[in-house]
Amino acid sequence: MRAARFATILLAVLLAGPCVAPASAQTVKPSRVALERQIITAFGRDDVRRALLLIDRYLVHWPNDGNMIYNSACGHALNGDRELAAERLLEAVRKGFRDFDHMEADEDLRSIRDHDVFLAILEARERIRETQREQRPDPGEGISVPEVPEALVPRSGRGSEEYADWKAAHGDRYVFEELEQQRLHVASTLPLEARQEMMAMLRRQGGYLTRELFESVQPDWVFLLVPSRADASRFDLDSRTAGWYEHSRRMLTTADIGASLRHEFVHVLHWGHMDRLQQQHPMWIQEGLASLFEEYEFSRDGEVIRFKPNERHNVVYDMVRGGQNPPWRSLFSMNTTRFMRAASRLYPMTRSIFEYIADRGMLASWYRNLTMSWERDPTGVMATERTFGAPIEEVEQDWTRWVRARGPRDDSIGTGDASIGIQAENDVDGCRITLVHEGSGAREAGLRVGDVIVRIGPRSIRSTRELMLEVARRGIGEIVVIRVRRGEDYLDLRTELKPMPRQ
């Protein structure tokens, strides 16, 4: 068998260690983390051509990155270039890529699964592992080597490294802080009031998550970067992708310290827990849990949390009313690729499922059942049936009744609806006013172009979507107190909501 002969050669090559490529003659390097993020975003938007161009640029400066060469193989496989994909896959393995189980299941490599190179790597996999086990040094008699569970050992100092690199390059423009309780390095250009509120949110949400779900914070320090408006574009942060958490880099980057940060911070703690348990929960669970925390409020004592519907609710309501929601069994068994390709529908649906579970008072017990039953059923079906004591189809039917009973939510502002009378864009700590309409409540209250809205009544406003949701639920004639930042000063302005003017 040709693959078998090739596997023997491959085994010898791999055990000799990764190849080392000569350093590039180019000395001006782009930001590594920003370039990596642009590549991820390009793949997420199915722009494989752009992703491959960016990977080629990346590899000019970091030619020995096996994981990035693996991404190149995936891109060429998606483009149908089998030979080049196989060539890059072999190169990735030679440069140190070793996640063969992921490779075997990766849908992006489907087109080369019957290629000799792919088959040879899989055939060599077990022999490589066995040889490496045999090559481990004997500690010797009389030497005690404590056995530390691998999942409890911090696997990466990358978050601290990224933080140190950013501090060295941007120390004069950013404020650098540490939140030791949550193992977070933080860099931002936020005003003091916004930073204090952000830190308080992280402590409170982190406390709840560790108390109710994840037992403790992540073992590794994570770098939380809130980039300036100028730097945000380097990370492809925009209205579609306001933030992201990259676990391999131990780095959370967000241009929105509201819903986006609340969402991504769940990923930080969840990944830390999965590492400790040596489990990897499916994408519907990861994104459903994170989306759940986009909108919530705590009781006065901070012990009880109530999750609130956001703009995702109406997507689910329309799906359920039209019978277009996929069955739970099908959703729960989706792989990452299928889930992400339908993200616009499935993020709202998974948030709704977890909001329903929480509304029934079963969120903590459901998650405990998931971790206990994961080896037998990683999809979450068994966890759901154990938690509710009923077949999953019955639980799903109750959820659809619950969604219908809630009805649609007003999540937009149209002509004639109550409005402040402004146009705005996202800023680092709120919504910067770009236009104030004549005759509007905003004009009468003294709001100006350039003011940054940071609060309406008791609610913090950190993005235009949060601004729209808060105003949409109010009525014409209502008086609200709008807190704005004007330069470095803060003002509280009483504003009457008036009908939205015709555009």
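The structure this text deals with has already been given above.
Described in the following lines is the structure provided in the data block. This is a predicted model, so every value here is computed, not measured.

**With respect to the pattern of salt bridges**
Side-chain pairs of opposite charge can arise whenever the charged atoms involved come near each other. One pass over the structure, following the stated rule, counts 42 salt bridges. Its salt-bridge partner being R432, residue D427 comes within 2.5 Å of it at the nearest N-O pair. The exposure class of D427 is buried, given its relative accessible area of 4%. We classify R432 as partly exposed; its relative accessible area is 23%. For R459, the salt bridge identified is with E470, shortest N-O distance 3.7 Å. Of the two residues, R459 sits in strand 12 (residues 459-460) while E470 sits in helix 21 (residues 464-472), which places them 11 residues apart along the sequence. Assigned by exposure class, R459 and E470 land together as buried. Counted as one network, the salt bridges with shared partners bring together E295, R459, E470, R473, R474 and E478.

**Some points on the pairing of strand 11 (residues 452-456)**
For strand 11, the tally of buried residues reaches 4 of 5 residues, placing the bulk of the element in the interior. Pairing geometry for strand 10 (residues 431-436) and strand 11, over 2 bridges, is antiparallel. Bridge assignment links R432 to a residue of strand 11, and that residue is V452. Across 4 bridges, the pairing between strand 11 and strand 13 (residues 479-486) is antiparallel. Each residue of the ladder has a partner; that of I453, found in strand 13, is V484. Looking at chain direction, strand 11 and strand 12 are connected through 2 bridges and run antiparallel.

**Considering the side chain of S260**
Note that S260 resides in helix 11 (residues 259-277). With relative accessibility at 9%, the residue S260 sits in the buried group. Only 3.4 Å separates the side chain of S260 from the backbone nitrogen of G243, close enough to count as a polar contact. Dropping the residues within four chain positions of it, S260 is found in contact with A242, G243, T254 and R465.

**Notes on the nonpolar core**
Ranked by internal contacts, the top residues of the largest apolar core, which has 71 residues, are L202 and W399. For this core, the leading source of residues is helix 9 (residues 192-214), giving 9 residues. Beyond its immediate sequence surroundings of up to four residues, L202 is in contact with L179, Q182, L184, G207, L224, L261 and F265. Formed by 30 residues, the second largest nonpolar core is a distinct cluster that contains V48, L59, A92 and V93.

**Considering unusual backbone geometry**
Not every positive phi belongs to a glycine, and E215 is a case in point at roughly 70 degrees. As for its placement among the helices and strands, E215 is situated in the loop between helix 9 and strand 3 (222-226).

**What about the packing of aromatic side chains?**
As enumerated under the stated definition, the model contains 21 aromatic pairs in all. Geometrically, the ring pair formed by W284 and F332 is stacked, given 3.9 Å between the ring centres and 5 degrees between the ring planes. Pair noted here: W284 is in helix 12 (residues 283-292) and F332 is in helix 14 (residues 328-332), with a separation of 48 residues, a long-range link. With centroids separated by 5.6 Å and ring planes inclined at 65 degrees, the aromatic side chains of Y356 and W402 adopt a geometry described as edge-to-face. Taken together, the residues span a long stretch of sequence, with Y356 in helix 16 (residues 343-359) and W402 in helix 19 (residues 392-406) at a distance of 46 residues. In this pair, the class of Y356 matches that of W402, namely buried. Cluster of aromatic residues (ring-pair linked, three or more members): W284, W328, F332, F354, W366 and W399. The ring of Y296 has R262 sitting right over it, with the charged end atom 5.9 Å from the ring centre.

Criteria and thresholds
- Residues numbered from 1 in each chain as written.
- Predicted model: local features only at pLDDT ≥ 70, side-chain atom pairs only at ≥ 80, totals over all residues.
- Heavy atoms only, no water.
- Salt bridge = Lys/Arg side-chain N within 4 Å of Asp/Glu carboxyl O.
- Buried < 20%, exposed > 50% of the residue type's maximum accessible area, 1.4 Å probe, protein only.
- Helix = DSSP H or I, 4+ residues; strand = E, 2+ residues; numbered from the N terminus.
- Pairing = 2+ DSSP bridges.
- Polar contact = N/O pair within 3.5 Å; in protein donor to acceptor, adjacent residues only side chain to side chain.
- Contact = heavy atoms within 4.5 Å.
- Core = buried A, V, L, I, M, F, W, Y, C linked by side-chain atoms within 4.5 Å.
- Phe/Tyr/Trp six-rings, centres within 6.5 Å; stacked < 30°, edge-to-face > 60°.
- Lys NZ or Arg CZ within 6 Å of the ring centre and 35° of its normal.

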